[in-house]
Amino acid sequence: MRSESRSLLVAALCIVGASWSCQLDTDRPAARPVIHYSLSEATRATSPEGEPLVPLDVQANVAGSLEMLFGTPAHPQFMLLDEWKESGFDLNWPQYPKGDQGSGEFSESDLASLATDNARYFRTPLMHIEAGEYERVAIHSWSPDLQRAWAALLAETAPELRNDEFKAKAKALFVDYYPTLASSAELYRQHCLHCHGPEGGGDGPTARFLNPLPRDYRQGTFKFTAVGKGTPRRADLFRILDEGVTGTAMPSFRRFSKAQLNGLVDYVRLLSMRGMVERSLVATFAEEEALTSGDVVAAYSDVWSKWEKAAEKLLVFEGEVPHPTPESIARGRELFLDAKSANCFSCHGPEGRGNGASAFVTDPQSGEVKPAYKDDWGHDIIPRNLRYGIFRGGRRPIDLFRRIKNGIAGTPMPEAPSSLTADDIWALVHYVGTLSERPQLVHAPAHDAHDSHSTPETHGSEPAKH
Amino acid sequence: MRLLFSLMLLAVPILGVWTFLKADEWHTWFPQNVSSFGGEIDGLFNLILYMVAFTFVVTEVCLAWFVFKYSAKRSDKGAFTHGSHKLEMIWTAIPAVALLFIAFSQMETWAKIKFQKNFPKDGAYSVEHPIAEVWASQFDWRFRYPGDDGVLGTVDDLETSFEFVVPVDTDVVFKLRSRDVIHSFFVPEFRLKQDALPGHTIPVWFRATKTGVYDLVCAELCGWGHYKMAGSVRVVSAEEFKTRMAALKAEWFSNGKEEGQ
Ligand SMILES: [Cu+2]
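Note that the coordinates shown come from a computational prediction; the quantities given were computed from them, not determined experimentally.

(A) A look at the coordination of the copper ion. All names here are of chain B. Surrounding the copper ion are the protein donor atoms His183 (ND1), Cys218 (SG), Cys222 (SG) and Met229 (SD), which sit 2.2 to 2.3 Å from the metal. Given 4 donor atoms and angles of 91 to 123° at the metal, the environment of the copper ion is assigned as tetrahedral. Written as a sequence motif, the donor residues of the copper ion are H-x34-C-x3-C-x6-M. You can see His183 sitting in strand 6 (residues 183-187) and its partner Cys222 sitting in the loop between strand 9 (212-218) and strand 10 (230-236), a full 39 residues away along the chain. A relative accessible area of 0% places His183 in the buried class. You can call Cys222 buried: its relative accessible area is 6%.

(B) Looking closely at the nonpolar core. One finds Ile131, Trp141, Tyr145, Phe164, Phe185, Phe190 and Phe206 of chain B to be the most contacted residues of the largest nonpolar core, which totals 72 residues. The element contributing the most residues to this core is helix 18 (residues 422-437) of chain A, with 8 residues. By size, the runner-up hydrophobic cluster in this structure holds 67 residues, among which are Trp84, Leu146, Leu181 and Ile408 of chain A.

(C) Summary view of the confidence of the model for chain A. On average, chain A scores 85 in pLDDT, and the residues at 70 or more come to 85%. Under a pLDDT of 50 for its full length, residues 444-466 of chain A has, in the predicted model, 29 contacts with residues more than four places off or in other chains.

(D) Inspection of the sheet that holds strand 5 (residues 171-178) of chain B at higher detail. Residues and elements named next belong to chain B. If you trace the 5 strands from one edge of the open sheet to the other, you get 3-2-1-5-8, paired in mixed fashion. The open sheet has two edge strands with one neighbour each: strand 3 (158-161) and strand 8 (202-207). Sheet twist, expressed as the average angle between the axes of neighbouring strands with direction ignored, equals 30°. Pairing geometry for strand 1 (residues 132-137) and strand 5, over 5 bridges, is parallel. By the bridge assignment for strand 5, Glu133 is matched with Lys175.

(E) Local environment of the sheet that holds strand 4 (residues 163-167) of chain B. Residue and element names in this part refer to chain B. The sheet built from 5 strands is open, its strands ordered 4-10-9-6-7 with mixed pairing. Only two strands of the sheet have a single neighbouring strand rather than two, namely strand 4 and strand 7 (192-196). Adjacent strand axes in the sheet meet at a mean angle of 25° when their direction is disregarded. With respect to the sheet, helix 4 (residues 238-252) is in contact with strand 4 and strand 10, its orientation differing from that of strand 4 by roughly 135°.

(F) Focus on unusual backbone geometry. Of note, the bond from Asn211 of chain A into Pro212 of chain A is cis; its omega dihedral lies within 30 degrees of zero at 0°. Checked against the element boundaries, Pro212 of chain A lands in the loop between helix 11 (193-196) and helix 12 (234-243). Here the amide bond leading from Gln138 of chain B into Phe139 of chain B is cis, since omega sits at 0°, within 30 degrees of zero. Following the sequence through the fold, Phe139 of chain B ends up in the loop between strand 1 and strand 2 (140-145). Of note, the phi angle at Phe162 of chain B is positive, near 70°, even though the residue is not glycine.

(G) Here's a closer look at the pattern of salt bridges. Applying the stated criterion across every chain, the model contains 34 salt bridges over all chains. Among the ionic pairs, Asp363 of chain A bridges to Lys370 of chain A, the shortest N-O distance being 3.5 Å. Since its relative accessible area comes to 35%, Lys370 of chain A is described here as partly exposed. The partner of Glu25 of chain B in a salt bridge is Lys22 of chain B, and the shortest N-O contact between them spans 3.4 Å. You can see Glu25 of chain B and its partner Lys22 of chain B sitting in helix 1 (residues 2-26), 3 residues apart, about one turn around the helix. Judged by its relative accessible area of 24%, Lys22 of chain B is partly exposed. Linked through salt bridges whose partners overlap, the residues forming this network are Arg395 of chain A together with Glu133, Arg142, Arg144, Glu159 and Arg177 of chain B.

Rules used in this analysis
Residues numbered from 1 in each chain as written. Chains lettered and ligands numbered in written order. Predicted model: local features only at pLDDT ≥ 70, side-chain atom pairs only at ≥ 80, totals over all residues. Heavy atoms only, no water. Donors = N, O, S within 2.8 Å, 3.2 Å for Na, K, Ca; no water. Tetrahedral: all angles 85-135°; square planar, octahedral: opposite > 155°, others 65-115°. Helix = DSSP H or I, 4+ residues; strand = E, 2+ residues; numbered from the N terminus. Buried < 20%, exposed > 50% of the residue type's maximum accessible area, 1.4 Å probe, protein only. Core = buried A, V, L, I, M, F, W, Y, C linked by side-chain atoms within 4.5 Å. pLDDT = per-residue confidence, 0-100. Contact = heavy atoms within 4.5 Å. Pairing = 2+ DSSP bridges. Axes fitted to C-alpha atoms, helices over the stretch in contact; angles between N-to-C directions. Salt bridge = Lys/Arg side-chain N within 4 Å of Asp/Glu carboxyl O.

Put into structure tokens, the structure is as follows:
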């Protein structure tokens, strides 16, 4: 009898336990920490005595101004300047795609392609709508605006009144979807924040495990653009999200819809502008010992004008992209190893292994070999080993052309000297491509071409061990 | 009590069979099959599944029945036995035969899919003229097409990432390579999985029978970013394949002018 009641007890406990653990799966909203934008470490820095370098009331002023200009993580939005209001220009969606006068006009065909892509991305909900199974439509939590709109649509029409007109409306909701800034902020929160941090400072919790570090957007410096050192175009940021940055932690987000990626671009732009305005306000204060509302508006419109003009610096090549030839590869090698012109080997090493003479320094005391360069964010950086064939900014010939011609913003990789012609840059592109892809092509012709010069091995000594 | 326990034991095979019967309806079974040899793979899977399921159900039913019949309260003490040579022979021989049967029945399919001598030869693509070179690397899929001259490794090669475009109803042969560690090319809808080994160039073939976009995933834990290696295979009509290759050529050799703002 006793053993029987014990087993009954065990069975009862199992059932209770199982039903409880099922409950855990229900959609009860988990407690979500509230996210704030904070000021950057630079703004909050203190003197050795512990005195804030920027007085606390000014810091509060800066924080308040930033909130006025860019909102909060829950309600991000661009403040509209008076002249924008007059001309009907609105940086905030949904007005932006049609009303944009700055960098990045969305043409009719762009909008059409967003719609086609939405149809792909939302194919499952659209299928359910087509079949009239409205209750099976599920929407990700990272599209709160769509969730709300969908719930409102369902609430508006009783199930028995859902006719074809309703069906068309329901479909349009998905096909024409473009996330609001707040929704993009939610997407960012779920997919980017753990690396890039709430303000885009590149300091999310995952960041400390990564090398290179996630981008800190707040300087407005982006590495892999088609515009050199300037602020990036929408297309540059879009490409990064679409392709990811090969060889680093930055993943490709192609799985999202184009509309969502564009929304993320909007949000990255907002964070970046916010960081730039913050820096500019702190700099103004350091100069003038005061901050007025005029300064705030001036900083804001100044930063916006930088972003607006991004497309002006677009680097294109007039003409057809040339194919590599043995001659161009040999010419590229010559330039690569020429200390008086391109001088690539001084950083990348005579064989492109990223171990040029200037890339590392030896600590006189410990004898330790350390990277010699720092990037704009203050972190150690080493020239790329070009033999791996991993090009973060893209592998197309034009990508490498842009990288070599413009250099890489925020890193020691310099612009090509202006004495180099476009043909020279192409020669370098061909040589760099050959280093990883077809090394057999490098050596044969290049050695002959180089007989009269000093051999490359005499340039730049190899650092200790590599 | 004994009834309760034997019913609980009986519930296991019943639930198992029921979820199997419902699986299609719940979309928890296999994704659709869109490759020419996928049916054979599924056939093999089903063969093994039915053999195992039969054994499973029989064992479970026996178990439930024994729990019911021989509960401690109702029967006398159990008889002691030293085992039975005959019984052991039987339960060794039957699985051995079953395993041999499985081994022999899959040989033909395996040879057809994986042996190079059985690769398609007569179509547009062959081991000598693959449609593309597929590079796996931490953590990308890259596809290099031979370009206009049809020869890989020349200056007009075209590259693209994450999306492998192939024509429908065509025997497609590609070369699988890895830039760094072991990855695995896996397309569930094709029932095709092949490891990519650094230093090896491994020919692979398939024939997709339906246009569409199918998931391509890395099926070998290859590092922290393993999850990032999610690409797709886009199966398109022959004409669309041509237009897509032309578009890829324009994109790859772009001079940067016709790009978005
Ligand atoms: Cu992998």
